[in-house]
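# Structural overview for review
This is what each chain is made of:
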Amino acid sequence: MSQTPQAKYREDYTPPSHTITDIDLTFDLYDNNTLVTAVSQVKQLGESNVVELDGEALKLRSVSVNGEAWSAYEVKEASLVLSQLPTEFELTIVTEIDPEANTALEGLYKSGGAFCTQCEAEGFRRITYYLDRPDVLARYTTKVIADKATYPYLLSNGNRVAQGELKGGRHWVQWQDPHPKPAYLFALVAGDFDVLRDIYTTKSGRKVDLEIFVDKGNLDRAPHAMTSLINSMKWDEERFDLEYDLDIYMIVAVDFFNMGAMENKGLNIFNSKFVLANSQTATDSDYLGIEAVIGHEYFHNWTGNRVTCRDWFQLSLKEGLTVFRDQEFSSDLGSRAVNRIQNVRVIRGPQFAEDASPMSHPIRPDKVIEMNNFYTLTVYEKGSEVIRMYHTLLGEEGFQKGMKLYFERHDGTAATCEDFVSAMEDATGVDLTQFRLWYSQSGTPTVRVSSQYDAGAQTYVLTVEQFTEPTQDQAEKHALHIPFDIELYAAGGSVIPLIVEGKSVSNVLDVKAEKQTFVFENVSECPVPSLLREFSAPVKLEYNYSDEELMFLMTYARNEFARWDASQMLLAKYIRANVQRVQQGGDVEVAAEVVDAFRGVLLSADLEPAFIAEVLSLPQHNEVSGWYKLVDVDAIAKTLEGMRAIFADQLQEELSAVYHSLKQAQYSIDHAAIGKRALRNICLGYLARIAGGNELVEKHYYQANNMTDTIAAMSAANNAQLPCREALMQDYSDKWKHDGLVMDKWFMIQGCNPAANALEVVKQTMQHEAFSLKNPNRTRSLVGSFLNLNPVHFHDKSGSGYRFAGEILRELNSTNPQVASRLIDPLLKLAKYDDERKALMRAELESLKAMDNLAKDLFEKVSKALES
Ligand code: TRP
Ligand code: ZN
C-alpha cells in the first residue's frame, strides 16, 4: 500500500467551507472516454476562499471560474484544491472518465450494454470533482448525450425537460430535478430496454408515471416489481401519510450491482435480482425479497431523500428507519408473525455475530476508514430494531406524532440521529435521555432474568439484570434503556394481569438499571413467564426455563412469535446438550416429549402453515456458532444433522401426511399459497432423509410447476446428499445455463454442497459458462455461500477453504474491493476458532495485509482482525 489509509471520526464533523446551490451536468457518453462537464454555482460559507473538492480516478481537462480559465488550483491524490476564489462564482470543470474499465461498479460504469451509476456513499467523486458530502444539497440539471441506436433511453433524476438529435447518430435528453439533493442521490442510465409502464394516482389526485426498465426480453418478469411499487406508494400514504413528490418514478434493473438497490431521486437503480421474477424463474422468497426491496427504496424517498444525513456517521438515520418501514410494509401485507421471526433470525444470527467480531460498531459508528464497510447488519438491522423500540415505547400514535414533527423540522435538510431522537421526545414528552445510548454503544446486551414466587404473599418477583460484554471497539459499557415486554400465564393458559403497587401496568417494563426487580401482586399461582415478547429489544435473553415451561409456551402463549420463540429456546437447550454429548463421543438425543411438542405444532390445524414451517426450521449453523466463545464446527454440524435425522425419523408419518395434504394444483403467489409451499417443502427436506426420500425428491423436482418447488427439491437432494442430486443439478443447468440470475440459485447450492469434495466442486463450478467473478451476484452465490453457509468445508482443518478465500480476495481486491470486503467477513472471526485454524486464518489475513495495492476497504477489516 502506498499510504496508510486515514480514519475519519464522527466527532470531527465540521460544516462545509462552501456550498453548491445548483449544478448543471453534461455527459458525453463513450465507453472509454466519457466527458463530464459540471457547471456549479458555488457559495462561500465560512472565512476561507479556498475550496477542496473530492475526486478520484479522474482526468482533469479544464477548470474555469466565472467563464475564465482558472490557474489557482492544485490536483492532489483524491482532491482538487482551488484557491483565491470570489465569494460566489460559477465553477466549470471538465473531467474525463473510463466507464468500461470501471469494474469496481462505483461512479459511472457499464453493466452489460448499458451505462449506469452508483454514487452512494462516495461514488460521485469518480464522476467529477465535487463537494461529495451529504450535507451539500444542490438542484441538478443533467444532459445526457449518446449514440441513439445503442442507447435509445437516456435517463437521470427528476423530469425530462428537453431532448434533441445530433449529427453522427447521437441524441440527447435533458433532465431537471427540482428537489435539492446530495451527490450520492445522483443517477444516470443510458441503454436499450423493455419498459413496463403504469400510472399511480396519489391520494391528493396527482398522476405519477411509473416506469420499470429491464433488459430486452425480460418484460414478463417485471409485473411483480410494478405491483410491489404500487403497493408501496399506497401503503406509505395510508400508514405514514406520505405522498410521492415528482411526476415520474423510474426503476432500472441492472445485472452488475454491488448491493441490493439504490434510492436515487426519481430514478432507482436495482440489482436485477430484486426486480425480475416470474413463476418459472423466481422462488417465493425472491418474490418477497422484491416486495421488500422495492418498498425499501421507495420509502427512502421520504426517509433518506427528503430528509437526508448530515454526514455518513448518521447512516442509520435513513437506513435503520427505512428498514423498519419496509419490515412494517411486509408485515402489513403478509404475515406479521412470520416476518418478525425471519427478521429476528437475522439479528440473532449474523448481527449478533457482527457485534462479537472485530468489526463491532454502534449503529452510529464513531470511526470509519472506508464508508462502504459500514453498510452493515448493525447499521441496517439493529438500526431498525432501535426504531422498533421507539415504536414499542411510544405506541403507533406517539411514533407517528414523532415522525410528523421530524418531517416538519427537517424536510429538505441533512439531519442527524440526535435530531430524530429530539423529534420523538418533543412530540411525545417521553424522556429518551438514556435511550440515546443505543446509538453510541456497540455490542449485544444480555438480559438475565430470575424469578421467585411467594405463595403466601401472592407475589411474583422478576429480577432483571443487564450487562454488555466489552467489544473490540469499546471496552466500557453502560446500562441501556430496554423495553422488556412480558406476560404471565396461569397453568390453564389464562393471562395473569400485571399489577405493581396496586396498579395495573403495561406489558412493556422499562428496564434501565444494571439490576432491577419487579414485584407483581395478586398472583394466585406460580406463573410461566413469557419474556422479551416480540423480541422487544435486540438482546440475548437468559432465563432458566424447564422443558415443560417451554412446551407450555409453545401451545399457550397468546401470540405466535412467543410460541415460536419458546420452540427455539427448547431446540437451543437440546442443541447445546447434544453438542456436548457429540464432543464426548456420544450420540444425538432428543426427548420423546420434545419431539411430541413439535408433532403437536406440525398437526395444528389452526396455525398458519408458514408459521409451522418456521417452528420446524432448526437454527442455522452460524447462529449456533454465535452461542459459543470457541466454536466446534464439526460438533455443531453433527448435532444439527443428528437432530434433523431424529425429527425426520420420529415424525415421518405426520410429515408425509402434511406433505401430501399441501399439494396445490394451481400456482399462485398469494401469502396463503406461499405458506403452504413453505411448509410442504420443509416436510420434503425432512422426508429426504428417510427411506424413499430419493424417489420423493426426484418426483417433486420433475412435477414442479414453479421455481420454489424446483429449488426445494434440489436443496433437499443436496442437503441429504441423495443419489439424484447430480441428475437434478444437470437438468437445471442444461435448462438455465444462459441465464446468470436463474443460475445463481444453482451456484448457491454448489456452494453449500455438504459432500467431502465440496471445494473441488466449487472450483470446477467457477469454470461454468454462466459464472464470472466480475459479476457480484455470481460471486456471492457461489463463493459467498461456500464461505458463509458451508462451515464444515470452509473451516476444513487443512486450511484449504481459507486459502481458497485468500485467492479470491486477492483477485477481487483489485477488480472490486467492495465485493471483496463483504466476502471477507467470515475470515475476520478467527478468534472464535481453535489455535490451528486461527493460525491458518491469520496467515491468509497476513498475506492480504502484505499486498502493496491493498484497497482501504480490505485494509480496514484486515487490520482490525489482526488486532483481535
Ligand atoms: N442506500 C442503499 C439502500 O439501502 C444501499 C447502498 C449503499 C448501495 N451503498 C450502495 C447500493 C452501493 C448499491 C451500491 O437501499
Ligand atoms: Zn436503504
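All of these numbers come straight from a predicted model, not from anything done at the bench.

## Section: the site of ligand 1
- Around ligand 1 lies a shell of 15 residues, among which Glu120, Glu263, Glu297, Glu319 and Tyr380 are the nearest.
- Between ligand 1 and the protein, one listed contact pairs an oxygen atom with a side-chain N or O atom of Glu297 at 2.7 Å.
- Interatomic distance of 2.6 Å between a side-chain N/O atom of Tyr380 and an oxygen atom of ligand 1.
- Breaking the shell around ligand 1 down by element, the ones donating at least two residues are β20 (261–262), α2 (284–299) and α3 (315–333).
- Each residue belonging to the shell around ligand 1 can be placed in one class, and the counts come to six nonpolar, four polar and five charged.

## A look at the sheet that holds strand β33 (residues 515–520)
- Read from one edge of the open sheet, four strands run β33-β26-β25-β35, paired in mixed fashion. Since the sheet does not close on itself, it has two edges, and those belong to β33 and β35 (540–542), each with one partner. For this sheet the average axis-to-axis angle between neighbouring strands, irrespective of direction, equals 20 degrees.
- Pairing of strand β25 (residues 445–454) with strand β26 (residues 459–468) involves 10 bridges; the strand directions are antiparallel. Within the sheet, the bridge partner assigned to Arg448 lies in β26 and is Glu465.

## Remarks on helix α5 (residues 377–410)
- When the terminal C-alpha atoms of α5 are compared, their 26 Å separation across 34 residues is substantially less than the 50 Å that a helix rising 1.5 Å per residue should span.
- The largest bend along α5 reaches roughly 115 degrees and is located at Gly395.
- Of all 34 residues in α5, 24 are buried, a share of seventy percent or more.
- Among the residues trailing α5, Gly412 stands out with phi positive, at a value near 80 degrees.

## Some words on the environment of Val862
- Tracing the sequence through the fold places Val862 in helix α27 (residues 856–867).
- Among the residues examined, Val862 registers a relative accessible area of 0% and is labelled buried.
- Along the primary structure Val862 and Ile808 are separated by 54 residues, whereas in three dimensions their C-alpha atoms are 15 Å apart.
- Those residues in contact with Val862 that sit more than four places away from it in its chain are Ile824, Leu845, Leu848 and Lys849.

## A short note on the coordination of the zinc ion (ligand 2)
- For the zinc ion (ligand 2), every protein donor is listed as His296 (NE2), His300 (NE2), Glu319 (OE) and Glu319 (OE), and the spread of their distances is 1.9 to 2.8 Å.
- Coordination at the zinc ion (ligand 2) is irregular: its six donor atoms span angles of 45 to 161 degrees at the metal.
- Written as a sequence motif, the donor residues of the zinc ion (ligand 2) are H-x3-H-x18-E. Of the two residues, His296 is situated in helix α2 and Glu319 in helix α3; the sequence distance between them amounts to 23 residues.

## Some details on the pattern of salt bridges
- Under the definition given, this model contains 63 salt bridges.
- With a closest N to O distance of 2.9 Å, Glu614 and Arg345 form a salt bridge. Here Arg345 lies in helix α4 (residues 336–355) and Glu614 lies in helix α11 (residues 609–615), a separation of 269 residues in the sequence.
- Arg345 gets classed as buried once you look at its relative accessible area, which sits at 17%.
- One continuous salt-bridge network, built from bridges that share partners, spans Arg239, Glu328, Asp332, Arg336, Arg388 and Glu396.

## A short note on the sheet that holds strand β29 (residues 495–496)
- Sheet architecture is open: three strands sit in the order β29-β28-β34, paired in antiparallel fashion. Strands with a single pairing partner mark the edges of an open sheet, and in this sheet they are β29 and β34 (528–530).
- The pairing of strand β28 (residues 487–489) with β34 spans three bridges and is antiparallel. Directly across from Tyr489, in β34, lies its bridge partner Val528.
- Against the sheet, helix α8 (residues 547–556) touches β28 and β34, its axis set at about 60 degrees to β34.

## Some points on the UniProt feature "domain: Aminopeptidase N-like N-terminal" (unreviewed entry) in the protein
- The positions that UniProt labels "domain: Aminopeptidase N-like N-terminal" (unreviewed entry) are, in the present scheme, residues 30–185.
- With 0% helix and 54% strand, residues 30–185 has its two end C-alpha atoms placed 23 Å apart.

## Some words on the UniProt feature "domain: Peptidase M1 alanyl aminopeptidase C-terminal" (unreviewed entry) in the protein
- As annotated in UniProt, the feature "domain: Peptidase M1 alanyl aminopeptidase C-terminal" (unreviewed entry) corresponds to residues 547–867 in the numbering used here.
- Segment residues 547–867 splits into 72% helix and 0% strand. End C-alpha atoms: 41 Å apart.

## Topic: unusual backbone geometry
- Cis peptide bonds are those with omega within 30 degrees of zero, and the linkage from Glu120 to Ala121 qualifies with -5 degrees.
- Here Ala121 lies in the loop between β11 (114–118) and β12 (138–147).
- Of note, Asp241 is a non-glycine position whose phi angle comes to about 60 degrees, a positive value.
- Within the secondary structure layout, Asp241 lies in the loop between α1 (223–240) and β19 (248–254).
- The class of Asp241 is exposed, set by a relative accessible area of 52%.
- For Gln721, which is not glycine, the phi dihedral falls at a positive 50 degrees.
- As for its placement among the helices and strands, Gln721 is situated in the loop between α17 (707–719) and α18 (725–736).
- The class for Gln721 is partly exposed, based on a relative accessible area of 46%.

## What about the pairing of strand β16 (residues 188–191)?
- Burial along β16 is two-sided: the residues Leu188 and Ala190 and Val189 and Gly191 are all buried.
- In terms of strand pairing, β11 meets β16 through two bridges, oriented antiparallel. When the sheet's bridge partners are listed, Phe115 is paired in β16 with Ala190.
- Summarising the sheet, strand β13 (residues 153–156) and β16 pair through four bridges and their orientation is antiparallel. Each bridged residue has a counterpart across the sheet, and for Ser156 the counterpart in β16 is Leu188.

## Here we look at the packing of aromatic side chains
- In this structure the tally under the stated criterion is 37 aromatic pairs.
- The interplanar angle of 80 degrees and the centroid separation of 4.9 Å between the aromatic rings of Tyr701 and Tyr702 together place this pair among those described as edge-to-face.
- On the basis of relative accessible area, Tyr701 is assigned to the buried category, the value being 6%.
- Its relative accessible area of 49% is what places Tyr702 among the partly exposed residues.
- Through a chain of ring-to-ring contacts, the aromatic side chains of Trp235, Phe240, Tyr244, Tyr249, Tyr298, Phe299, Phe324, Phe329 and Phe399 assemble into a single cluster.
- Sitting over the ring of Trp172, Lys143 keeps its end group 4.5 Å from the ring centre.

## Observations concerning the pairing of strand β8 (residues 79–82)
- On β8, burial covers both faces: Ser79 and Val81 on one face and Leu80 and Leu82 on the other are all buried.
- Relative to β8, strand β4 (residues 51–54) is paired through four bridges, and the arrangement is antiparallel. Residue pairing across strands places Glu52 opposite Val81, the latter belonging to β8.
- Strand direction decides the pairing type here: strand β7 (residues 73–75) and β8, joined by three bridges, are antiparallel. Bridge pairing in β8 links Val75 to Leu80.
- Between β7 and β8, which follow one another and run antiparallel, lie three residues.

## A closer look at the packing of α17 against α18
- The geometry of α17 relative to α18 is characterised by a closest axis approach of 9 Å and an angle of 140 degrees between their N-to-C directions. Crossing geometry of α17 relative to α18 is assigned as left-handed. Here Met707, Thr710, Ile711, Ala713, Met714, Ala717 and Asn718 of α17 come into contact with α18, specifically with Arg725, Leu728, Met729, Tyr732 and Trp736.

Rules behind the numbers
- Per chain, the residues get numbers from 1 upward, laid out in the order the sequence is written.
- Key to labels: chains lettered from A, ligands numbered from 1, both in the order written.
- Local features in this predicted model are restricted to residues of pLDDT 70 or higher, and side-chain atom pairs are both shown and tallied only at a pLDDT of 80 or more, whereas totals for entire chains, interfaces and linings draw on every residue.
- Values shown for side chains rest on all heavy atoms present in the structure; no hydrogens or waters enter the calculation.
- One heavy atom within 4 Å of a molecule or strand makes the whole residue count as near it.
- Within 3.5 Å is the distance limit for a polar contact, defined as a pair of N or O atoms, with the added protein rule that one can donate a hydrogen and the other accept it, and that residues adjacent in sequence qualify only through two side-chain atoms.
- For the purposes of this entry, the term helix denotes a DSSP run of H or I that reaches at least four residues, the term strand denotes a run of E that reaches at least two, and both are numbered from the N terminus.
- Three categories are distinguished: nonpolar for Ala, Val, Leu, Ile, Met, Phe, Trp, Tyr, Cys and Pro, charged for Asp, Glu, Lys and Arg, and polar for the others, with Gly belonging to the last.
- Two strands are counted as paired when DSSP detects at least two bridges linking them.
- The axes are straight lines fitted to the C-alpha atoms, using for helices just the contacting stretch, and the angles between their N-to-C directions are given from 0 to 180°.
- Expected span of a helix, by definition, is 1.5 Å for each gap between consecutive residues, and there is one gap fewer than residues.
- Bend, at a single residue, is the angle you get between axes fitted to the 7 residues ending at that residue and the 7 residues starting at it.
- Residue burial is assigned from relative accessible area. The probe radius is 1.4 Å, only protein chains are included, and a residue is buried under 20% of its type maximum, exposed over 50%, and partly exposed in between.
- Whether two residues are in contact is decided by their heavy atoms, any of which lying within 4.5 Å being enough.
- The rule for donors is simple: N, O or S, within 2.8 Å of the metal, or within 3.2 Å if the metal is Na, K or Ca. Water isn't counted, so a site may look like it is missing partners.
- In these descriptions, tetrahedral denotes four donors with every angle between 85 and 135 degrees, square planar four donors and octahedral six donors with opposite donors over 155 degrees apart and the rest between 65 and 115, and irregular any other case.
- We count a salt bridge whenever a side-chain nitrogen from Lys or Arg sits within 4 Å of a carboxyl oxygen from Asp or Glu.
- UniProt positions are given in the numbering used here, feature names are shortened, and annotations may be inferred rather than shown by experiment.
- Centres within 6.5 Å make a pair out of two Phe, Tyr or Trp rings, where for Trp the six-membered ring is used; the pair is then stacked when the planes are under 30 degrees apart, edge-to-face when over 60, and tilted otherwise.
- As a reminder, the over-ring test applies to NZ of lysine and CZ of arginine, requiring each to be within 6 Å of the ring centre and within 35 degrees of the ring normal.
- For a crossing to be left-handed, the near helix must be turned anticlockwise from the far one by less than a right angle; the clockwise case is right-handed.

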